[in-house]
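Geometric and topological summary
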Amino acid sequence: MSFIVPLLVMNGLGLLCLAIIIFLKRVIAVYGESTLTINNDKKLIVEGGEFLAKALFQNKIYIPSACGGKGTCGFCKVKIKEGISDPLPIEEILLHHKDISSGYRLSCQVKVRRDMGLEIDEELLAIKEYQGVIDSSERLTRDIKRISIKIEEPKEGISFKSGQYILIEVGSAETRAYSIASSTRFSDRVAIEVKLIPNGLGSSYLHSLTEGDKIVFFGPYGQFYLRDTHHKIICVAGGVGLAPMKSIIDDALRRYPNRDVELYYGSRTMADLYDHELYITMAANYDRFSYYPALEKVEEKDREKYPVDEGFVNKSIAQYLENGENSEAYLCGPGPMIDAVVKILIKKGVPEIRILYDKF
Ligand SMILES: Cc1cc2nc3c(=O)[nH]c(=O)nc-3n(C[C@H](O)[C@H](O)[C@H](O)COP(=O)(O)OP(=O)(O)OC[C@H]3O[C@@H](n4cnc5c(N)ncnc54)[C@H](O)[C@@H]3O)c2cc1C
Ligand code: FES
């Protein structure tokens, strides 16, 4: 028995030392300054020990993030050519193994501990910070608001492609992604449409803003934007996924007189369907535009003004889309809806490469 006490004391001391080492490494480790070389050209001197995304952000390089750096979205991946470390377990989950072996890492998870060489798309290097003021906040449904932001800085405003999104500051060092719902014609303002998520940090903050409140955002981001082709345009939206479609449809009808546009829009009930009147009017005014609303639950009065289908949007696509071979599709909404719609579009002949989506 007499050897047990010293053994326990030694084990305890060992564990304490390990905890101190981990604490020192994680919390107060001082690495000095490190140099980040971007695209073999631009050099940034940054404080070692900082997360890579934060170090880049402090130098006005705004890497996208949809989770506020929690390590759940995978949006912040950056290619590290020199000074790379082994992937973290979270990176092995979120990144494709081909990306990992090509040198991609999550910049919100990787710490700068040595000099690093990075490869960053010119498009991302061009992302700017914008300062604006809320000029209107309008309730669209019980849980969706449309918020219009007038840009104050920079004076030249913003240039974006229809379908892209911005990252909005929603608290200290937290951002959330919102699709631009306004027309590309206007460079002095952007509108977003925000669904309130119970206890959601970003959506609660944005719903609380009123006219005159200041706002900071970054952008424009994303590969989900209207392509310059001759194909028919199929837009499929679920709930607040209608936001980028508004910008895409406006762009398509103005710029492409020979391209047909179809909007399939799904929601729960008529009370959750917004801009319904707008699309009914557009379908009446433009031969090239067709509108197919679908509700999970339809009441007889819902069909008084316009045909409304009962069921999910994939059912409407199955019914109305004749041949998808010469089409391209833009999908936005919840993951399960996107997955079901992709399947039916492929079945209808839309080439997979021409199906673009943002899931949220
Ligand atoms: C490219 C892109 C574009 C987007 N565009 C829009 C847009 O135009 N309009 C819009 O409203 N949102 C959009 N989003 C989603 C948006 O970025 C936020 O994720 C959303 O507003 C929730 O953020 P939050 O801070 O309120 O919730 P968080 O504080 O991040 O989350 C709070 C809790 O709610 C859960 N949660 C998060 N999202 C949902 C959800 N959708 N349904 C149910 N539970 C949820 C979380 O898991 C968490 O438990 C977009 C996302 C991406 C990636
Ligand atoms: S910001 Fe979401 S994983 Fe890095």
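See the structure printed just above.
Figured I'd write up the structure that's included with this text. (Residues numbered from 1 in each chain as written. Chains lettered and ligands numbered in written order. Predicted model: local features only at pLDDT ≥ 70, side-chain atom pairs only at ≥ 80, totals over all residues. Heavy atoms only, no water.)

1. Looking at the site of ligand 1
Around ligand 1 sit 19 residues in total, of which R176, A177, Y178, G202 and S203 are the nearest. In this structure, S203 approaches ligand 1 through a side-chain N or O atom, which is 2.6 Å from an oxygen atom. Taken by itself ligand 1 offers 940 Å² of open surface, and the protein chains cover 67% of this. For the shell around ligand 1, the elements supplying multiple residues, two or more each, are β9 (174-179), β10 (189-195) and α6 (201-208). Looking at which element gives the most residues to the shell around ligand 1, the answer is β9, with four residues. The residue inventory of the shell around ligand 1, partitioned by class, reads 11 nonpolar, four polar and four charged. (Near = heavy atom within 4 Å. Polar contact = N/O pair within 3.5 Å; in protein donor to acceptor, adjacent residues only side chain to side chain. Areas by Shrake-Rupley, 256 points an atom, 1.4 Å probe, with all protein chains shown as cover. Helix = DSSP H or I, 4+ residues; strand = E, 2+ residues; numbered from the N terminus. Nonpolar A, V, L, I, M, F, W, Y, C, P; charged D, E, K, R; others polar.)

2. Considering the sheet that holds strand β1 (residues 33-38)
Pairing in this open sheet of five strands is mixed, and the strands run β2-β1-β5-β3-β4 from one edge to the other. Only two strands of the sheet have a single partner each, and these edge strands are β2 (42-47) and β4 (104-106). In this sheet, neighbouring strand axes are inclined to one another by 40 degrees on average, regardless of whether the strands run parallel or antiparallel. (Pairing = 2+ DSSP bridges. Axes fitted to C-alpha atoms, helices over the stretch in contact; angles between N-to-C directions.)

3. Focus: the packing of helix α9 (residues 313-320) against helix α10 (residues 335-347)
Working note: a packed helix pair is described by the angle between its axes plus the distance between those axes. Two numbers describe how α9 lies on α10: the axes approach to 9 Å, and their chain directions differ by 15 degrees. Taken together, the axes of α9 and α10 lie roughly parallel to each other. In this structure, the crossing between α9 and α10 has a hand that is right-handed. Contacts from V313, N314, I317 and A318 in α9 reach M337, A340, V341, I344 and L345 in α10. Of the residues in the contact of α9 with α10, the class split is eight nonpolar, one polar and no charged. (Parallel < 35°, antiparallel > 145°, perpendicular 65-115°, else oblique. Left-handed = near helix turned anticlockwise from the far one by under 90°. Contact = heavy atoms within 4.5 Å.)

4. Description of the pattern of salt bridges
Per the counting criterion, the structure on display carries 28 salt bridges. Where R142 meets D272, a salt bridge forms, and the shortest distance between an N and an O atom there is 2.8 Å. Residue R142 is found in the loop between β6 (128-139) and β7 (144-153), and its partner D272 is found in the loop between β13 (261-267) and α8 (276-285); the two are separated by 130 residues along the sequence. Note on R142: relative accessible area 54%, which makes it exposed. Salt bridges here are not isolated pairs; linked through shared partners, they connect E138, R146, E193, K246 and D275. (Salt bridge = Lys/Arg side-chain N within 4 Å of Asp/Glu carboxyl O. Buried < 20%, exposed > 50% of the residue type's maximum accessible area, 1.4 Å probe, protein only.)

5. Some words on helix α7 (residues 242-255)
Between its terminal C-alpha atoms α7 stretches 20 Å, which fits the 20 Å expected from 14 residues at 1.5 Å a residue. Taken as a whole, α7 has its buried residues at L242, A243, P244, M245, K246, S247, I248, I249, D250, D251, A252 and L253. (Expected span 1.5 Å × (residues − 1).)

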